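Here are the chains, one letter per residue:
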Amino acid sequence: MSKSIYEEAKEIIINSILPRESDKQNKLKVIKALEKAQKQEKLLELYKELSKLKDDVIHSVFFDTDYEHLSVKKEKIEERIKELENDKKILD
């Protein structure tokens, strides 16, 4: 699996920029901002997935097909969203 842009940016900051800089607070702020952006991107992807899934459920109901598997998938996505949103240390 390739590294995300956030992981690459953190690696660059830690390996090249950080050793030369003396202000540790600013370094930590940049790293925290990258982690927050990464988490927000994950949340966005989950919300997109949930939205598409809800469309699939509506389609299944309309065409009277089995949508139980979609309901289970929906619950899993909502649980992952809740976990990310409750992780206050990065979002705040």
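Residues numbered from 1 in each chain as written. Predicted model: local features only at pLDDT ≥ 70, side-chain atom pairs only at ≥ 80, totals over all residues. Heavy atoms only, no water.

Peer 1: Can you explain the pattern of salt bridges? Please cite residues and give values.
Peer 2: All chains considered together, the criterion is met by three salt bridges. In this structure, the salt-bridge partner of K48 is E45, at a minimum N-O distance of 3.8 Å. Placement of the pair is K48 and E45 together in helix α2 (residues 24–62), with a separation of three residues, close to one helical turn. Taking relative accessible area as the criterion, K48 reaches 47% and is therefore assigned partly exposed. The partner of K74 in a salt bridge is E78, and the shortest N-O contact between them spans 3.0 Å. With K74 and E78 both in helix α3 (residues 68–86) and four residues apart, this pair spans about one turn of that helix. (Salt bridge = Lys/Arg side-chain N within 4 Å of Asp/Glu carboxyl O. Helix = DSSP H or I, 4+ residues; strand = E, 2+ residues; numbered from the N terminus. Buried < 20%, exposed > 50% of the residue type's maximum accessible area, 1.4 Å probe, protein only.)

Peer 1: Describe α3, naming the residues involved and giving the relevant values.
Peer 2: Here α3 is 19 residues long and its end C-alpha atoms lie 27 Å apart, about the 27 Å a rise of 1.5 Å per residue gives. Inspection of α3 places L70, I77, I81 and L84 among the buried residues, and these make up the whole buried set. The buried residues of α3 all sit within an arc of 60 degrees when viewed along its axis, so they share a single face. Set apart from the buried face of α3 by more than 90 degrees, the exposed residues are E68, K76, E79, K82 and N86. (Expected span 1.5 Å × (residues − 1). Arc of directions from axis to C-beta.)

Peer 1: I'd like to hear about α2, residue by residue, with values.
Peer 2: In this model α2 runs 57 Å from its N-terminal to its C-terminal C-alpha over 39 residues, within 8% of the 57 Å that 1.5 Å per residue would give. Inspection of α2 places K27, I31, L34, Q38, K39, L43, L46, L50, L53, V57 and S60 among the buried residues, and these make up the whole buried set.

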